Amino acid sequence: MIDDANTVAIFGGDGCRYARDEVIELSKRLKAPVGYALRGKQWLEHANPNAVGMTGLIGYGGAYGAINEAELLLMLGTDFPFSEFLPATR
């Protein structure tokens, strides 16, 4: 699926706690923006050149736009409950 997608975005949560470096490396390889849930912020925001912020009830437009405009969204370490902020099934 990743190879077939023109654009990929990553959305991470607290489950990325021990995989921070791997998520950032993946985002670099894929040239993918990284959005995150509130509980993923502390693991994925700092020193991440592809970070686009949070989405959800207290999120920002950058993350919402990035994950909704991507052809493929990888949700890593999150069970983000606010489906209205996630892309609709295409």
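It should be noted that the structure appears before, not after, this text.
We now turn to the structure provided with this report.

What counts and how
Residues numbered from 1 in each chain as written. Predicted model: local features only at pLDDT ≥ 70, side-chain atom pairs only at ≥ 80, totals over all residues. Heavy atoms only, no water. Pairing = 2+ DSSP bridges. Helix = DSSP H or I, 4+ residues; strand = E, 2+ residues; numbered from the N terminus. Right-handed = clockwise from strand over helix to strand, strands pointing away. Salt bridge = Lys/Arg side-chain N within 4 Å of Asp/Glu carboxyl O. Buried < 20%, exposed > 50% of the residue type's maximum accessible area, 1.4 Å probe, protein only. Axes fitted to C-alpha atoms, helices over the stretch in contact; angles between N-to-C directions. Contact = heavy atoms within 4.5 Å.

**Brief notes about the pairing of strand S3 (residues 51–54)**
Consideration 1: Where strand S2 (residues 34–36) lies against S3, three bridges are found, and the strand directions are parallel. In the strand pairing of S3, Gly35 is matched with Gly53.
Consideration 2: Regarding the hand of the β-α-β motif, the stretch spanning S2, helix H2 (residues 38–44) and S3 is right-handed.

**Considering the pattern of salt bridges**
Consideration 1: Applying the stated criterion across every chain, the model contains five salt bridges.
Consideration 2: Across the salt bridge formed by Arg39 and Asp14, the nearest N and O atoms sit 3.1 Å from each other. Here Arg39, found in helix H2, pairs with Asp14, found in the loop between strand S1 (8–12) and helix H1 (20–30); they are 25 residues apart in sequence, far enough to count as distant.
Consideration 3: With a relative accessible area of 57%, Arg39 lands in the exposed category.
Consideration 4: We note a salt bridge from Glu25 to Arg29, for which the minimum N-O separation is 3.1 Å.

**As for the sheet that holds S2**
Consideration 1: What the four strands build is an open sheet, ordered S3-S2-S1-S4; its pairing is parallel. Because the sheet does not close on itself, it has two edges, and the strands there are S3 and strand S4 (72–76). Across the sheet, the mean angle separating the axes of adjacent strands is 20° when strand polarity is ignored.
Consideration 2: One ladder, built from five bridges, connects S1 with S4; its direction is parallel. Looking at the pairing, Val8 lines up with Leu72 of S4.
Consideration 3: Packed onto the sheet, helix H3 (residues 61–69) meets S1, S2, S3 and S4 and runs at close to 110° relative to S3.

None of this, on its own, says anything about what the molecule does.
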